[in-house]
Every structure is written in structure tokens, then in C-alpha cells.
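Working through the structure, step by step
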Amino acid sequence: MFKALLLTQQDKVTHAAVTELDEERLPEGDVTVRVQYSTLNYKDALAITGRAPVVRQFPMVPGIDFAGVVEASSAPDFKAGDAVLLNGWGVGETHWGGLAQRARVSAKWLQRLPEGMNARSAMTLGTAGYTAMLCVLRLEQLGLTPERGPVLVTGANGGVGSTAITLLARRGYEVVASTGRSDAHERLLALGAHRIVDRATLSEAGKPLQKEAWAGVVDSVGSHTLANACAAMKYGGVAAACGLAQGMDFPSSVAPFILRGVTLAGVDSVYAPMDVRRQAWEELARSLPTEIIDTMAQEVGLEDAAAHAEPLLAGRLPQGRVLVRID
Ligand code: NDP
């Protein structure tokens, strides 16, 4: 038997409860993992509250990521005792996920913990931290360097935003953090932001071309915020779009792209190829010492995870991340 946060649905209302389940109920897969830590991601909060159709079939164990130890494997690449992590691949959406003491998955979705990183640190960063790293690497592949000018990070107090600030600041970039939380200014400056802008200055419809301000953008917000960020890019600037906290729409014009040579790069963490994932996790392990990672999340037990979903969606959590201790 193992404990899992189980989502069921009745009359289109989602219910979440920690439940004891028989291991025989685990889904198909060639590797069984004893999960040690998972995270509460934005997508998990949507699944748990039923606010968006993240879950495709019920009952479902949410949790789009986890880290733990292989318990049994019939795949040649993994053996019992291996320390592993998983992000995405539809886990927690179409396949039972990480908010449980056991997970059974395809070996193709698993990767080893990077050298020097333990399961707790990996899930303190979680999918948000890994996505922030994917954004930073993408911007740099497209030519961004600290000398080119300031980098705007939107959704700054969130998981993606706050990790992106930390990573960019440690790589020498001048980071400008956009947030709606006046009580988060001190924290964001401590993470390495040079200055703060009020997210209200970006969240309404703006002109298609604005004064050149940003050499790079990491955007987890979408909608008018991303449109305004693109409109204020410097010539040849690059923006990485990974989220939709304000909205899925993109009410922009082609002006920044055809008149200023701006590049807008989409970043997806869920189906990113394995070599890209490995590069991102290894770079996270190299870039962030454990002492810094440890300050990035509040830790809760599996029993308390679901209660944090509403405050996460409402932006009421004091820190960007919720680490879920499973073992
Ligand atoms: P969080 O909830 O931790 O953070 C989101 C942040 O967005 C909030 O902290 C807030 O920042 C800002 N925000 C929220 N609502 C609004 C609004 N209405 N207008 C403007 N800003 C708003 O989420 P994550 O950081 O984990 O994820 C952020 C986004 O990225 C989500 O949409 C998520 O689905 C997406 N994502 C995508 C991935 C991918 O593979 N592409 C992977 C991971 C996440 P503040 O309080 O500072 O204003």
C-alpha cells in the first residue's frame, strides 16, 4: 500500500484527498520509484482546484514532477537504488504523478539526478526552476549576453520568475523584476534584481512600439504583459515566453519583430528532448549552491499540499515555491 493525493471528479467538481492505495493500481511503466519529494506547481494547483482542464482522466494522482529512488526496474538504463528525477511528459495530467509515495513511469521519462544535487534540492527548484533554466539557456543560445543590456523578468515573485532572477543575476545580468507584490520587493532585490517595476505598468494594452528598454525578457505571464515587453525590446533583443499567468492571449503586432529584429522564443518544459533537460539540470547544479536553493521554498507534507493550491493561484504565498515532502 502507498499514500497518494488522489483527485476524483463528480458533477464536474474536483475533489482531492490523501488516500491509501494498493500498488497494483499504479499505471503501466517499466520503472517504479519511491518518491521522496515533489512540488506544487502552478499546473498542479490548477489540477487540484479543477480551475483548468489539466487532468484528462480521473481518478488522477497530480504532481507534474518528482525526485526519488528507483525501487524496481525492468529497463536496462535504471536499477534499484538509482537517484532519479522526472518533469512533465504528461505525468500528473494523463499518467499518475508525483504527489504520492510511489510512481510507476516509463524509463524514457526519467533522468538521473545531476552530480552534486540531492532530491530535496531538485524539487525545491522543481519544474519552475528547470523551466527558468531552459529560458536562460535559450536566451543565451540566441545571443543574449550581460553587455547587451537589462533583462526583464515578469511574474517575478513566482517559481519561474524568482529562479530566473537568481540565475540571471549570478551570470552577471542587470535584472529588472516585474511584480504586483509590493511586499516582495526586498526579497526580489535580495535574489539579485537591480530594480523593480510594478506589473500594472505592463498589464494593460500598450503601443505596438515603445521606448527601447530590454535586451532580454523571461516571461511567465503572457497576454498584454508579454506584448508590452516585446514592444519595448532593444534592437535585436530576445524574449523567452513560457507561461500564461495573466492570460493565454498575445495581443501584439509584428512591429517589434520586423522593425527591431526581435526574437520571441517559446519554451516548453513538458516534452523538451532529454539532451536539453540534462543540460538544464546540470547547469542548475553548477549554478546554484545548495545554501541558495534551500531558501527558495517552503516545505509542506503530502497531507497539506492540496491546501496550498488556492493560495498559490491567488499569488498569496510568501515565497515562490512549495516543496512537498513525501517520504
Ligand atoms: P507561480 O504561481 O509561482 O507564479 C506566477 C506569477 O505570475 C505570480 O507569482 C505573479 O507574480 C504573476 N501573476 C499571477 N497572476 C498574474 C496576472 N493576472 N497578471 C500578471 N502577473 C500575474 O507560477 P510559476 O512561476 O510556477 O509558473 C508561471 C507560469 O509559467 C504559469 O502560467 C505556468 O503554467 C507556466 N509554466 C510553463 C512551463 C512550460 O513548460 N512552458 C513550465 C512551468 C510553468 P507577481 O506576484 O510577482 O506579480
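Residues numbered from 1 in each chain as written. Predicted model: local features only at pLDDT ≥ 70, side-chain atom pairs only at ≥ 80, totals over all residues. Heavy atoms only, no water.

Points about the overall build of the protein chain
Selection rule: Helix numbering and strand numbering both begin at the N terminus, where a helix is a DSSP run of H or I of at least 4 residues and a strand a DSSP run of E of at least 2. Radius of gyration: over C-alpha atoms. The globule rule applied is 2.2 Å multiplied by the number of residues raised to the 0.38 power. A simple rule labels every residue: compare its accessible area, found with a 1.4 Å probe on the protein chains alone, to the largest value its type can have, and call it buried under 20%, exposed over 50%, or partly exposed in between. Throughout, a contact is declared for two residues whenever any of their heavy atoms are within 4.5 Å. Surface accessibility in these figures is a Shrake-Rupley result with a 1.4 Å probe; residues are shielded only by whichever protein chains are displayed. The convention is simple: Lys and Arg are positive, Asp and Glu are negative, and His and the chain ends are not counted. Every charge is mapped to an atom, namely NZ of Lys, CZ of Arg, CG of Asp or CD of Glu.
A count of helices and strands for the protein chain gives 10 helices and 15 strands. The C-alpha radius of gyration of the protein chain comes to 20 Å, within 12% of the 20 Å expected for a compact globule of 327 residues. Judged by the C-alpha coordinates and their principal axes, the protein chain covers about 60 × 45 × 35 Å. The 327 residues of the protein chain split such that 54% are buried. Across the protein chain, the fraction of contacts at a sequence separation of at least 24, relative to all contacts at a separation of at least 6, is 71%. Counting every atom, the protein chain has about 13900 Å² of accessible surface; 50% of that belongs to carbon and sulfur. When the 31 positive and 35 negative side-chain charges of the protein chain are each reduced to one mean point, those points stand 5 Å apart.

Here's the deal with the domain arrangement of the protein chain
One widely used convention gives an interface's size as the accessible area the parts lose upon coming together. Here is the rule we go by: Residue ranges labeled as domains rest on an automatic or database domain assignment. Summed over both partners, the accessible area (1.4 Å probe) lost when two parts come together is defined as the buried area. Within this document, salt bridges are pairs made up of a side-chain nitrogen of Lys or Arg and a carboxyl oxygen of Asp or Glu, the two lying within 4 Å of each other. By the criterion applied in these results, polar contacts are pairs of N or O atoms within 3.5 Å in which, for protein atoms, one can donate a hydrogen and the other can accept it, and in which residues neighboring in sequence qualify only through two side-chain atoms. Residue polarity follows a fixed list, in which Ala, Val, Leu, Ile, Met, Phe, Trp, Tyr, Cys and Pro are nonpolar, Asp, Glu, Lys and Arg are charged, and the others, Gly among them, are polar.
On domain assignment, one finds that the protein chain holds domain 1 (2–112 + 297–325) and domain 2 (127–266). For domain 1 and domain 2, the distance between their C-alpha centroids amounts to 29 Å. Of the roughly 770 Å² buried at the junction of domain 1 and domain 2 (both faces included), carbon and sulfur atoms supply 43%. For the pair domain 1 and domain 2, the number of links is 0 salt bridges. For the interface between domain 1 and domain 2, the tally reads 4 residue pairs in polar contact (both at pLDDT 80 or more). Among the residues forming the side of domain 1 that touches domain 2, the class breakdown is 4 nonpolar, 5 polar and 3 charged.

Brief notes about the pattern of salt bridges
In total, this model carries 15 salt bridges according to the counting rule given. Across the pair arginine 171 and glutamate 283 runs a salt bridge whose closest N-O atoms are separated by 3.0 Å. Of this pair, arginine 171 sits in the loop between α3 (159–170) and β9 (175–179) while glutamate 283 sits in helix α7 (residues 274–287); the two residues are 112 residues apart in sequence, bridging distant segments of the chain. A salt bridge links glutamate 299 to arginine 325; the nearest nitrogen and oxygen atoms lie 2.7 Å apart. One end of the pair, glutamate 299, is in strand β14 (residues 297–301); the other, arginine 325, is in strand β15 (residues 321–325), with 26 residues separating them in the sequence. Each of the salt bridges in this network shares a partner with another, and the network as a whole consists of Arg120, Asp294, Glu299 and Arg325.

Here we look at helix α2 (residues 119–141)
Counted only if it meets this: Take the number of residues in a helix, subtract one, and multiply by 1.5 Å to get its expected span. The bend reported for a residue corresponds to the angle between axes fitted to the seven residues ending at that residue and the seven starting there.
Taking 1.5 Å per residue as the helical rise, α2 with its 23 residues ought to reach 33 Å, whereas the 28 Å between its terminal C-alpha atoms falls clearly short. Remark: the principal bend of α2, roughly 75 degrees, maps to glycine 126. Burial of α2 is extensive: 19 of the 23 residues sit out of reach of the surface. Looking at where α2 begins, the residue whose side-chain oxygen comes 3.2 Å from the main-chain nitrogen of arginine 120 is asparagine 118. Phi turns positive, to about 105 degrees, at glycine 143, one or two residues after α2.

What to know about the site of the ligand
How we decide: When we say a residue is near a molecule or strand, we mean one of its heavy atoms is within 4 Å of it. Points on a 1 Å grid, built from protein atoms alone, make a cavity when a 1.4 Å probe fits but cannot get out and make a pocket when they are open with protein on both sides within 12 Å along at least 5 of 7 lines; residues with an atom within 4 Å of a point are the lining residues. Any molecule with more than half of its atoms within 2 Å of a cavity's or pocket's grid points is regarded as sitting in that cavity or pocket.
Taken together, 25 residues surround the ligand, and among them Val160, Thr179, Gly180, Arg199 and Ser269 come closest. Within the backbone of valine 160, a nitrogen or oxygen atom sits 2.8 Å from an oxygen atom of the ligand. Note that an oxygen atom of the ligand is positioned 2.8 Å from one of the side-chain N or O atoms of arginine 199. Summarising the interface, the protein chains cover 85% of the accessible area of the ligand, which totals 920 Å² for the free molecule. The pocket occupied by the ligand, as judged from atoms lying within 2 Å of grid points, is the largest pocket. Only α2 and α3 provide two or more residues apiece to the shell around the ligand. Broken down by class, the residue content of the shell around the ligand amounts to 10 nonpolar, 12 polar and 3 charged.

Observations concerning a nonpolar patch on the surface
The cut-off we apply is this: Patch definition: residues above 30% relative accessible area lacking any salt bridge, with like charges linked at up to 9 Å and the nonpolar side chains Val, Leu, Ile, Met, Phe, Trp and Tyr linked at up to 5 Å.
A grouping of Leu209, Val254, Ile258 and Leu259 is seen on the molecular surface, where their side chains present a nonpolar patch of about 380 Å² in accessible area. Along the chain, the position of leucine 259 falls in helix α6 (residues 255–259). For leucine 259, a relative accessible area of 52% gives the class exposed.

Remarks on the layout of surface pockets
Quick note on the threshold: Grid points are joined across faces, edges and corners, and a volume is the space filled by probe spheres set on the points.
In this structure, the largest pocket spans a volume of roughly 1500 Å³. Lining the largest pocket are 50 residues, and of these Tyr42, Ser220, Gly243, Leu244 and Ala245 lie nearest its centre. Looking at the lining of the largest pocket, you find at least three residues from each of domain 1 (2–112 + 297–325) and domain 2 (127–266). What the second largest pocket holds in volume is close to 290 Å³. If you go around the second largest pocket, you meet 16 residues; those closest to its centre are Phe78, Leu110, Gln111, Arg112 and Arg278.

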